[in-house]
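Report on the structure
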Amino acid sequence: MADYAFSHRHLLGIEGLNRLDIETLLELGDKYVELNRRRVKHADTLAGRTLVNLFFENSTRTQGSFEIAGRRLGADVITMPIATSSVKKGETLIDTAMTLNAMRPDLLVIRHGSSGAVKLLSRKVDCAVINAGDGTHEHPTQALLDALTIRRRVGEISGMRIAICGDILHSRVARSNVACLNILGAQVRLIAPRTLTPPGAADWGAEVFTDMRKGLAGCDVVMMLRLQQERMDGAYLPSAREFFHFYGLDADKLSHANPNAFIMHPGPMNRGVEIESGIADHKTRSLITEQVEMGVAVRMAVLETLAKNAPEPGVAK
Amino acid sequence: MTGLTAIYNARLIDPATGRDEVGGVLIENGVIVEFGPSVMKTAAADVKIDAKGKALAPGLIDLRVKTGEPGAENKETLQTASDAAAAGGVTTFVVMPDTDPVIDSVALVDFIQRRAEGVAKVKVYPAGGLTLGLDGAKMSEIGLIREAGAAFFTNGDRPVEDAGVLRRAMSYASSFDALVASRPDTPALSKNTVMNAGAFAARLGLRGAPPEAEWIALERDLMLAETTGVRLLADCISTARSLAAVERARKAGVKVSCSVASYSLFFNELDVGDYLTYCKVQPPFRSETDRMALIAGLKRGAIDAVVSAHDPQPTEDKRLPIADAAFGAVGLETLLPCLLSIAIREDIPLAQALKPVTSGPADLLGLPQGRIAKGAPADLVLFDPAAPWACDRDDLVSRSKNSPFDGRKFEGRVLRTWVNGQTVYERG
C-alpha cells in the first residue's frame, strides 16, 4: 500500500473513494496521532502553503480541528469570518469563490448549509477543496475520523457490526459513515423512527430498524447522532422525552448490544435526549473524546495528501 | 365468580369461524373453557342457564364511541355509556379522543382507563389523539401513548388537513406498528353542511356535503398509507365509491381496513325527511345506491368493522333549526338490532353480519375477545334474532336520547349480556 497513490484533487465526500484511498488516509492519520501525542507537535509538511477555512455554518469543533491540523503541519491558516464578510452583503457564492481563488490558497476547507454547495465551489477554484459538511449530504472527514477511532480502539472494521442511531434523515454524518463503513466491510445498521429514516435507506447497504433493542443486538459499536432541537417540536417527533424513551441510548438499550460494545457520538451531544450522561461518560466504552483527537490527526492526513496532489503553479489552467 | 357456568340450548354463533349451530358454552373464572354441541343441560356446572334456543354470540366490539367524559358529562359519562353498551350487547368499546381535554397524553389515557375500571360494566379502551389537542399540526406522543394502552390513533371528527403533518404522523406511527384511524372528510367541501348533497337537499333548501369531500380525503389517506406503510383504518366511510377505493387499495397491498357507521347501512338521505335533526350526522346519510353498495360490501366481507358512531347530544343541542343543530346520534343500543334487521331483510347469514362487530374489530386491535373460543374471555350476548320491536328513544339507557332510530321497527333484540362471565345486562 505504501506505493498506492491517492489521486483525488478534492475531498468532497466518501462517495467516489475506494478502500485503498480510505486506508491510505487512515494510515497516515495513524502517524499523525503519534506526532500529536508528542510534546512538540510540529511538522513542516505544509510550510509555505495557505489553508483557508470557509465556514458558512457555525462550527466550533470542526473549524478548530482544521485550524489546528493546518497549523501543526506548518501551513498558514486563515479562517474567513463569514458572518461579517461580503456574503452577508449579497455577494453570490460563486463570486466569493472567485475572489478567494484570486488570493491563491492551496487548500480550501468549506462548510455550507446547502447540500451540493461545496461541490459547486470546487468547480470554480484551482486549489484543493475539502468538504467540512454540506447540508444533509456528506461530512467525509467525520467518517474518516470515526473509522480511525474504531480501527485503533476496537479493531479490524471488516465484519464488524455497527449501528448508527437517531436522526439519519438530516444527518450528513450518517450518510458519510454508511458509505465509509460499507467500503471497509462493516455490517451497518440504521436505527430510527420512520420519520427520521430517509426514503430508500434500505438500499444504502444497511439494515434498517425501528426498534432500537432489536437493532442493537450483536452490535460492536453504537454511533449516536445529534438530534437537532427543531426536530422535536411535533413535526418529526412528538417530544424529546418520547425520543429518549424509544431511541435514547441508556444502559438498558445498550445491554442489547454486544457486551463491552463501544459508544460514539460526533458531538455536540444533547445529554438526556439521544444519550444518557452515564453512557456518554463511560470510562472504558465511550470513545467520544477520542473521536475528537482522531479528528485532528485524520484532517492532517487529508490536508497533507491533497496538498501533495496539487498541481504545480502554472500547470493549472 | 367461582365454579362453572353453563349456557346451554343456544344457537351458537361465532363469526370468527362461521359457526352457527345448537350448543352451549362452559365458563370458568370469566373465560370460555368449552363450547359446542357437547355443552348440554347435563353439563357438570354450578350455574346452568337455559338459552331456550336463542342466539348466543360474542359480545359486540364497537370501535367508535364518544362519551362526554371528560368535559361534557351532561351528554354521557363512561358509566352511562357502558350501561347503554351492556343493554345493546356491546361488551367492548373504544372511546374517541375528542373530549375536553383531548385524550392526547399518557395521563389522559390513564385517566380513562382508571375511570372505566371503576365505573364501567364493559371493557373500555381509549383511542389516542393523533395530533396534540387534535390541532392537526403537531403529533402526539404516539409511542408512549401506545405503550400506555391506546387502542389506535385518530384525529376523531377533526380531519388532519395538512397532508405533510398526516404523512409524518402516519410514518411515525408505523415505527410502532400503530393503527391510525382517519375519517375521510375535506372540510373545505363539507363545512357548514347539514346532510348529503343532492337533489333532496336542494329541495329542502339545505346545504349538502358532497361525497367528493369523502373521496378526496380518502384517496389522499390511501396514498399516504401506501407510501408510509402505516396500518390505516378508513373510519366511517359512507359511499359506494369509498368502499371500492378501499378494496382496490387493499388489493394493491395497502394495509387498509374500513369501518361503516351502522346508520349508513340503515338510512338514506330521504330519511332526513321533514328536517329531522336526529338524522343530522357526520358522515351524512347518503343515497340509496350508496346504502345498497355498503350492504353488498357487508355481504362479501369487505367491511372490517361496523360501528355505532355513538355521539350523544342533549336535547337543547338538537331541538334547533337543522342548520344550527349539533351533529351526532347515539347508537350503542341500536347497533345489534340494526345489524340483525339488515341481516334478516337482506338475507345475510348471522355469522357473516356479525363479523364486523366481533372478530373483525378484535383482529384490528389484536384483542382476545370477540370470538367463542377456548381461553377467550366470556364476553357474550344472548339475543332473540327475530323478535320484532319498535325503538322508542325514551326507553334508551343512554343519558342522551338523540337516536335516528326512534320509532323505527327492528327485528332482533338483546336478552342478556355477559362480560368476563358476569351478567351485566338482563332484559326485564
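Rules and cut-offs
- Residues numbered from 1 in each chain as written.
- Chains lettered and ligands numbered in written order.
- Predicted model: local features only at pLDDT ≥ 70, side-chain atom pairs only at ≥ 80, totals over all residues.
- Heavy atoms only, no water.
- Helix = DSSP H or I, 4+ residues; strand = E, 2+ residues; numbered from the N terminus.
- Rg over C-alpha atoms; globule rule 2.2 N^0.38 Å.
- Buried < 20%, exposed > 50% of the residue type's maximum accessible area, 1.4 Å probe, protein only.
- Contact = heavy atoms within 4.5 Å.
- Areas by Shrake-Rupley, 256 points an atom, 1.4 Å probe, with all protein chains shown as cover.
- Lys, Arg positive; Asp, Glu negative; His and termini not counted.
- Charge placed at Lys NZ, Arg CZ, Asp CG, Glu CD.
- Buried area = accessible area lost by both parts, 1.4 Å probe.
- Salt bridge = Lys/Arg side-chain N within 4 Å of Asp/Glu carboxyl O.
- Polar contact = N/O pair within 3.5 Å; in protein donor to acceptor, adjacent residues only side chain to side chain.
- Nonpolar A, V, L, I, M, F, W, Y, C, P; charged D, E, K, R; others polar.
- Phe/Tyr/Trp six-rings, centres within 6.5 Å; stacked < 30°, edge-to-face > 60°.
- Lys NZ or Arg CZ within 6 Å of the ring centre and 35° of its normal.
- Core = buried A, V, L, I, M, F, W, Y, C linked by side-chain atoms within 4.5 Å.
- Pairing = 2+ DSSP bridges.
- Axes fitted to C-alpha atoms, helices over the stretch in contact; angles between N-to-C directions.
- Arc of directions from axis to C-beta.
- pLDDT = per-residue confidence, 0-100.
- Parallel < 35°, antiparallel > 145°, perpendicular 65-115°, else oblique.
- Left-handed = near helix turned anticlockwise from the far one by under 90°.

**Topic: the overall build of chain B**
When you go through chain B residue by residue, the secondary structure sums to 14 helices and 19 strands. Compactness check: chain B gives a C-alpha radius of gyration of 21 Å against a globular reference of 22 Å for 428 residues, within 12% of the reference. By principal-axis analysis of the C-alpha atoms, chain B measures approximately 65 × 45 × 45 Å. Counting the 428 residues in chain B, one finds 63% classified as buried. Partitioning the intrachain contacts of chain B with sequence separation of at least 6 by distance along the chain shows that 75% fall at a separation of at least 24. Carbon and sulfur atoms make up 50% of the accessible area of chain B, which totals about 15300 Å². In chain B, 48 positive and 54 negative side-chain charges are present, and the distance between their average locations comes to 2 Å.

**Focus on the interface of chain A and chain B**
Note on interface size: it is often stated as the accessible area lost on association of the parts. Between chain A and chain B, the contact holds 16 residues from the first and 15 residues from the second. In this assembly, chain A packs against chain B so that about 1400 Å² is buried in total across both faces, 53% of it on carbon and sulfur atoms. Contact with chain B buries surface across chain A, with R194, E242 and F246 of chain A losing the most and accounting together for 33% of the total. Where chain A meets chain B, there are one salt bridge. Here R241 of chain A makes a salt bridge to E141 of chain B, at a shortest N to O gap of 2.4 Å. Linking chain A to chain B there are eleven residue pairs in polar contact (both at pLDDT 80 or more). Tallied by class, the residues present in the side of chain A that touches chain B amount to seven nonpolar, five polar and four charged.

**A few points about the packing of aromatic side chains**
All names here are of chain B. Under the defined criterion, the tally for this structure stands at eleven aromatic pairs over all chains. Geometrically, the ring pair formed by F266 and F267 is edge-to-face, given 5.0 Å between the ring centres and 65° between the ring planes. An aromatic cluster of three or more residues is present, and its members are Y263, F266, F267, F285, W389, F405 and F410. Stacked on the ring of W215, the Lys or Arg R241 has its end atom at 4.2 Å from the ring centre. Across the ring face of F327, the terminal group of K280 is positioned such that the distance to the ring centre comes to 4.7 Å.

**A look at the nonpolar core**
Core analysis: the largest hydrophobic core is formed by 208 residues, its most contacted members being I164, L249 and L303 of chain A together with L63, F93 and F383 of chain B. Ranked by residues supplied to this core, first place goes to helix α11 (residues 288-309) of chain A with eleven residues. L303 of chain A has contacts with L46, L51, F66, A69, G70, L73, L107, V109 and I130 of chain A, leaving out every residue within four places of it along the chain. With 15 residues, the next largest nonpolar core counts L12, V25, I27 and A51 of chain B among its residues.

**Here we look at the side chain of T67 of chain B**
All names here are of chain B. Position of T67 relative to the elements: it lies in the loop between β6 (60-65) and α1 (78-87). Of note is the side chain of T67, whose polar atom sits 3.0 Å from the backbone nitrogen of E69. Leaving out residues up to four positions away in the same chain, T67 has contacts with E76, T77, L78, A81, V95, T99 and P312.

**Considerations on the sheet that holds strand β9 (residues 128-129) of chain B**
All names here are of chain B. On the basis of which strands lie adjacent, the open sheet formed by six strands has the order β9-β10-β11-β14-β15-β16 and parallel pairing. Edge positions in the sheet fall to β9 and β16 (305-307), since each has one partner strand and no second. Across three bridges, strand β14 (residues 231-234) lies against strand β15 (residues 256-261) in parallel orientation. Note that in β15 the partner of A234 across the bridge is C258. Against the sheet, helix α8 (residues 240-251) touches β14 and β15, its axis set at about 160° to β15.

**A few points about the pattern of salt bridges**
Residue and element names in this part refer to chain B. For the structure shown, the criterion picks out 42 salt bridges over all chains. One salt bridge connects R250 with D304, and the closest N-O pair in it is separated by 2.8 Å. Within this pair, whereas R250 is found in helix α8, its partner D304 is found in the loop between α10 (288-299) and β16, the two being separated by 54 residues in sequence. Of the charged contacts, one joins R345 and E411 as a salt bridge, the two residues approaching to 3.0 Å between their closest N and O atoms. One end of the pair, R345, is in helix α12 (residues 335-346); the other, E411, is in strand β18 (residues 409-419), with 66 residues separating them in the sequence. Take R345: its relative accessible area is 42%, and that puts it in the partly exposed class.

**Overview of helix α3 (residues 93-102) of chain A**
All names here are of chain A. Listed in full, the buried residues belonging to α3 are T96, A97, L100 and N101. One side of α3 carries all its buried residues, which in axial view fall inside an arc of 135°. Packing partners of the buried residues in α3 comprise β1 (50-55), β2 (76-80), β3 (107-112) and α4 (117-122). Positive backbone phi, at 55°, marks R104, one or two positions downstream of α3.

**A word on the confidence of the model for chain B**
Confidence in the prediction of chain B, expressed as mean pLDDT, is 97, and 100% of residues score 70 or more. Taken over the whole predicted complex, pTM reads 0.91, whereas the ipTM for its chain interfaces reads 0.86.

**Some thoughts on the sheet that holds strand β8 (residues 221-224) of chain A**
Residues and elements named next belong to chain A. Ordered by their spatial adjacency, five strands build an open sheet running β7-β6-β5-β8-β9, and the pairing between neighbours is parallel. Two strands lie at the open edges of the sheet, namely β7 (206-209) and β9 (262-264), each paired on one side alone. Strand-to-strand twist of the sheet, defined as the mean angle between neighbouring strand axes without regard to direction, takes the value 20°. Together, β5 (161-165), β8 and β9 form the strand contacts of helix α5 (residues 140-153), whose direction differs from that of β9 by roughly 160°.

**Notes on the packing of helix α2 (residues 61-72) of chain A against α11 of chain A**
All names here are of chain A. Where α2 meets α11, the axes come as close as 8 Å, and the angle between the chain directions of the two elements is 55°. In terms of orientation, α2 lies oblique with respect to α11. As α2 runs across α11, the sense of the crossing is right-handed. Judged by residue contacts, R61, T62, S65, F66, I68, A69, G70 and R72 of α2 engage V292, G295, V296, R299, M300 and L303 from α11. Residue composition of the contact of α2 with α11, by class: seven nonpolar, four polar and three charged.

**Quick look at the environment of D44 of chain A**
Residues and elements named next belong to chain A. Tracing the chain through its elements places D44 in the loop between α1 (19-36) and β1. You can call D44 exposed: its relative accessible area is 61%. Separated by 31 residues in sequence, D44 and A75 have C-alpha atoms that sit 7.7 Å apart.

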